[in-house]
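Survey of secondary and tertiary structure
Residue strings, one per chain:
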Amino acid sequence: MAEVHIQSLNKKFDEVHAVKDVNLGIRDKEFVVLVGPSGCGKTTTLRMVAGLESITSGRILIDDKIINELPPMDRDIAMVFQNYALYPHMSVYDNMAFGLKMRKFSRADIAKRVQDAAEILGIQQLLMRKPRQLSGGQRQRVALGRAIVRHPQVFLFDEPLSNLDAKLRVQMRVELKKLHDRLGTTAIYVTHDQVEAMTLGDRVVVMKDGLVQQVGEPLELYNEPANLFVAGFLGSPAMNFATVEISETNGSLWAENEGMRIKVPAEIAGRLGRHVRDEVTMGIRPEDLHVASAADPTELGFDAMIEVIEKLGSEILLDVAVGSHTMVASVDPGIRVNVHDRLRLALNPERLHFFNTQSEAVI
Amino acid sequence: MTFTTLATPTAYAGAPRRGPVTRLLEDERWLAMLLLLPTLALLGLFIAYPFVEGVRLSVTDAKVGVPGHFVGLQNFEQIWNDDIFHVAVWNTCVYTAVATVFKLALGLWLALLLNHHFKGKAITRAFILLPFIIPTVLSTLAWKWMFDPTFSVINWMLFRLGVIHSRINWLGDPNLALISVIIVNVWRGVPFYAISLLAGLQTISPELHEAAAIDGARAWQRFWHVTWPLLLPVTLVIVLFSVIQTFADFQLVYVLTGGGPANATQLFATYAYQLGIGTGLLSQGATISLAVFPVLLVVVIVQLLYIRRVETH
Amino acid sequence: MVEGALWRRWVFFYVPLTSFIVLLLFPFYWMIVTTVRPDSELYRPWNAPNYAPFWTTHPTLVHIKDLLTETLFSTWMLNTMIISIAATAISLFCGLLAGYALSRLKFPFAGSLGTAIFITYLVPQTLLFIPLADVIRNFRLGDSPWALILTYPTFLIPFVTWLMMGYFKSIPKELEECARIDGATRWKAMVYIIFPIAVPGILSAGIFAFTLSWNEFLYALVFLSSPEQKTVPVGVTSELIRGDVFYWGELMAGALLGSIPVAFVYSFFVEHYVASLTGSVKG
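About the criteria used
- Residues numbered from 1 in each chain as written.
- Chains lettered and ligands numbered in written order.
- Predicted model: local features only at pLDDT ≥ 70, side-chain atom pairs only at ≥ 80, totals over all residues.
- Axes fitted to C-alpha atoms, helices over the stretch in contact; angles between N-to-C directions.
- Helix = DSSP H or I, 4+ residues; strand = E, 2+ residues; numbered from the N terminus.
- Parallel < 35°, antiparallel > 145°, perpendicular 65-115°, else oblique.
- Left-handed = near helix turned anticlockwise from the far one by under 90°.
- Contact = placed C-beta atoms within 7 Å.
- Nonpolar A, V, L, I, M, F, W, Y, C, P; charged D, E, K, R; others polar.
- Pairing = 2+ DSSP bridges.

**Structural notes on the packing of helix 5 (residues 83–114) of chain B against helix 1 (residues 6–35) of chain C**
At a closest axis distance of 10 Å, the pairing of helix 5 of chain B and helix 1 of chain C adopts a crossing angle of 120°. Relative to helix 1 of chain C, the element helix 5 of chain B is oriented oblique. Where helix 5 of chain B crosses over helix 1 of chain C, the two elements pack in a sense that is left-handed. Judged by residue contacts, W109, L110 and L113 of chain B of helix 5 of chain B engage F13, P16, L17 and F20 of chain C from helix 1 of chain C. Of the residues that constitute the contact of helix 5 of chain B with helix 1 of chain C, the class distribution is seven nonpolar, no polar and no charged.

So this is what it looks like as structure tokens:
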């Protein structure tokens, strides 16, 4: 059993408060992803779990044991680094065997474990090579192998796929997921790539400026973001935001700015009641906008002018001007439109989000 | 399947108990202290302590075998009024200044020459460093032989070329001795300057020269406006280091002239040796050695300021 | 390649370069010629018509033989070899550990200590040799190789430390972190991971330290007195002059043979030498 509990964790580098009061409970066998822009504290948090950074205040526990004071070598964890950190002067075999040698495993045990791990990762034929003779993807696998071989309680990943080219990254993502399914070891994974977070995590922790913004399953965060940052961070292309004013007319609420006048659906209207005559931020994702047809109600649409057309094959992205804003709509690839065309876009009312402009929290 | 063992939940194994020494060495600060201990001990014992001793000696009247008494600044007064000391100051300054200028100029020229591609470049570079690699005293002996008043090969050459008719007493003529010594110092130093400056030159991207050439700069202008400013940092480091070494030079003069003739080549180091070791006047020798200290101080301060400036960039 | 018209190439490149090479190497040539030249040819005045400097018609090994059999030269070679190797070993040990601490560990006063060690590199021997002679005497190390084996590191360690610091800085810190997570103590990570990677740097530093030890003169001159204890530089300059007479043949033979070990090491490791030199300059 390997649960990781992070309680009120803080880290200060001189004056910089890099990690602010992080609380996180990671269940056994869970794959948790810490995601956020650079400088958000995710790597620092990971390093504190690893024992590579000292803890300013707070506690980290593995199962019921406080590991604050334990040196990295005694925490029974394994880490995969962004730059793989393979020992250049040792063969792949020795790289993988190093940790076991340090723990005084017998030669036979080491050989068995290394072979097993090599088989899982498909690197048996590379065992005698030196790191400099390997490609990026191969080095990545060796780094993984080195971690697996130890049978640790927790895996830590520090942006392991960032140095791979796009295609390889996608491939490795799938393999990592398969590996986790097979091994079942608790894992904490740090990345700045929201796609990795969404695809790999059982749960995702979004961080910004040292604070946890939201924790939850990927789709939960995607569909019900807790604040503006999470909403804008997950999903590509990013959610569209527009500043609107809430007004009341004939018992229903309307959100409007110079470019649009949208009727607020009944479910959300209740929560927005307090914000009448206020400015709020409205959010709608590109895929929840479509070219309006006759069947779409007028109060759920707006006019726009096409500025840029991006044809991706699976969809078409329209960069449109709405009033003084720009928005992005992801529409059916069969659409025939031209730049500078005026058209009407309709939105899916169930997918509207509203955020308090000052606090950025969801309403 | 071999990997079911991984998936089987195991209770979190307690961390192994670590002895106090291991725990201590895991602490960055204690480990650093341990690692630095041998170095600090050696340097403390054989540099810091002697330095303090040297200062102490200079304010006593100690001689070999006779522990001295505190005499205040008497030694300093003495050397201040010592004619030979004045000569040594003058000689050392001239020696350092002239030699450094020539080493820099010639070293730079050689570095610029070596900065081209030509057949045998690597081997040339290897041979050029020889004067710096071969023990100074031994190559200086060769020079002494070359300068020998009766058998000098240099005299022979100049004679054959019709330049001279009577002999040149390189090391015995008081007017020439300092020049001869400077010549040997320059000979030994040029390779160091050349190879170091060459390394500096090689960090200057050739694109900068090409851009300057396209802009219409001629070779001399390219050097002055592109190469030299970029070379200045490296040059500064080399010159500062060389200055302190030359100022404190001993071996060359000791072997060639011993400080003579008639103190014509007497330097701080040789005079200190003569007084301290030769005649056993320890305190006075120590005092003269300390005369090198102000120069060292200036060099160190300049180096540190310069390094601080570079690091804040 | 060198650009320009043929005459330009000759005037601005080949002639100056060749002149430099000739001038820089001539003394060694002279050393070699003198060593193998019989006495009869050796002592001809410079303006004598039969002065034949550039070759010898009767090469002889008598000077070398005399050097090896009638003087303590072989003893001096042995002394110098032992002292240089021992001093180098001590300096490498201290310098490696110190360089690692200063470049890879965080601790109070790291900056000041680094600067202090750097400063000792600049301190010339001539500043310290008189009081140091006293210290050596007090420790009863006088006239023994230990006087040198323990004092040479004072100028070798700062150099080795400096060089190794530069080298260590280029090794990514993830390697140690990974090793520590893998189960290594800080010490083991340093010894099993970092040091093996730094071997080329250690080699450069060691070779340079060996050369600097071999070349040292002042301390050897002042701390050693009996002829059997002397090192090559001191022995050759002091013992081969009997009365007021310079036995140039033997002197040059001594100079030549005394230079060979260093030249030998140098020839195998030229690149490392240049690396040390330029590394120490680029700082």
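**Thoughts on the pairing of strand 1 (residues 4–13) of chain A**
Residues and elements named next belong to chain A. Pairing geometry for strand 1 and strand 4 (residues 57–62), over five bridges, is antiparallel. When the sheet's bridge partners are listed, N10 is paired in strand 4 with S57. Hairpin connection between strand 1 and strand 2 (residues 16–26): a loop of two residues separates the two successive antiparallel strands, and D14 in this loop has a positive phi of roughly 50°.

**Concerning the interface of chain C and chain A**
Contact with chain C, which involves 15 residues of that partner, is made by 17 residues of chain A. For the side of chain C that touches chain A, the secondary structure elements donating two or more residues are helix 9 (174–182) and helix 10 (186–197) of chain C. Here the side of chain C that touches chain A takes seven residues from helix 9 of chain C, the largest share from any one element.

**Quick notes on the environment of P265 of chain A**
Residues and elements named next belong to chain A. Mapped onto the secondary structure, P265 falls in the loop between strand 13 (260–263) and helix 9 (266–272). Taking C-alpha positions, P265 is 68 Å from S106, a pair spaced 159 residues apart along the chain. Here P265 is in contact with P349 and L352, once residues within four sequence places are set aside.

**Focus: the sheet that holds strand 2 of chain A**
Sheet strands pair by backbone hydrogen bonding; their relative direction is either parallel or antiparallel. All names here are of chain A. Taken in spatial order, the four strands of this open sheet run 2-1-4-5, and their pairing is antiparallel. The open sheet has two edge strands with one neighbour each: strand 2 and strand 5 (65–66). Here strand 4 runs beside strand 5; their pairing, made up of two bridges, is antiparallel. Across the sheet, I62 pairs through a bridge with K65, a residue of strand 5. The strands touched by helix 1 (residues 42–50) are strand 1, strand 2 and strand 4; relative to strand 1, the strand with the most contacts, the crossing angle is about 115°.

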